[in-house]
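Residue strings, one per chain:
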Amino acid sequence: FVAASRAARIRAEFNRECKLAMPMLRSSESSPEMHRAWAIARVDYAAVCEQEAQAVEADEWNRAKMNNAQLILETWKTEKIAD
């Protein structure tokens with residue numbers, strides 16, 4: 001589950017970058033900053049940012065669960081060795 005959530009996070013980052021790049025290329029603004037601002041202001045960009053945030057949250061949650069499971073296992077091993 002950790003690998004799948006990490007892959008979803010990477011796909012979401014890529015999707016966000018694509019949603020930003022395409023409008024920037026079509027922008028008629030004069031400066032790079034304005035190209036970016038114009039692209040970010042689009043409604044569909046906000047939606048992909050939210051999707052990315054959800055993917056990051058899921059990835060972090062799964063990593064935390066994995067770390068917790070590893071800690072429990074290490075604690076159990078330590079207790080067994082001490083017995």
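This text goes with the structure placed above it.
Predicted model, so just to flag it, every value in this text is computed and none were measured.

1. With respect to the overall build of the protein chain
When its secondary structure is counted, the protein chain shows three helices and zero strands. In the protein chain, the order of α-helices and β-strands from amino to carboxyl end is α-α-α. Taken over the C-alpha trace, the protein chain has a radius of gyration of 20 Å; the compact-globule value for 83 residues is 12 Å, which it surpasses by more than 25%. Considered along the principal axes of its C-alpha atoms, the protein chain spans approximately 70 × 20 × 15 Å. Across the 83 residues of the protein chain, 18% fall into the buried class. Here the contacts in the protein chain between residues at least 6 apart in sequence split such that 65% fall between residues at least 24 apart. Accessible area for the protein chain stands at about 6300 Å²; split by element, carbon and sulfur atoms hold 61% of it. Considering the protein chain, the positive charge centre built from 12 side chains and the negative charge centre built from 13 side chains are found 5 Å apart.

2. Some words on the state of the cysteines
For the structure shown, the criterion picks out zero disulfides. Of all cysteine sulfurs in the structure, the one in C49 sits closest to C18, which takes part in no disulfide; the separation is 13 Å. A residue is classified by how much of its surface remains accessible, and C18, at 31% relative accessible area, is partly exposed. For C49, a relative accessible area of 26% translates into the label partly exposed.

Thresholds, definitions, all that
Sequence order as written defines the numbering, with residues in each chain counted from 1. Restriction of local features to residues with pLDDT of at least 70 applies here, the model being predicted, together with a cutoff of 80 or more for giving and counting side-chain atom pairs; totals for whole chains, interfaces and linings are based on all residues. Water and hydrogen atoms play no part in the side-chain values, which are based on all heavy atoms of the structure. Numbering of helices and strands runs from the N terminus; a helix is a DSSP stretch of H or I covering at least four residues, while a strand is a stretch of E covering at least two. Atoms considered for the radius of gyration are the C-alpha atoms alone. The globule rule reads 2.2 Å times the number of residues to the power 0.38. Burial classes: relative accessible area under 20% of the type maximum marks a residue as buried, over 50% as exposed, and values in between as partly exposed (1.4 Å probe, protein chains only). Any two residues whose heavy atoms approach within 4.5 Å at even a single point are treated as in contact. Using the Shrake-Rupley algorithm and a 1.4 Å probe, accessible areas are obtained, with residue cover drawn only from the displayed protein chains. Only four residue types enter the tally: Lys and Arg on the positive side, Asp and Glu on the negative side; His and the chain ends are excluded. To locate a charge, take NZ of a lysine, CZ of an arginine, CG of an aspartate or CD of a glutamate. When the sulfur atoms of two cysteines come within 2.5 Å, that pair is taken as a disulfide.

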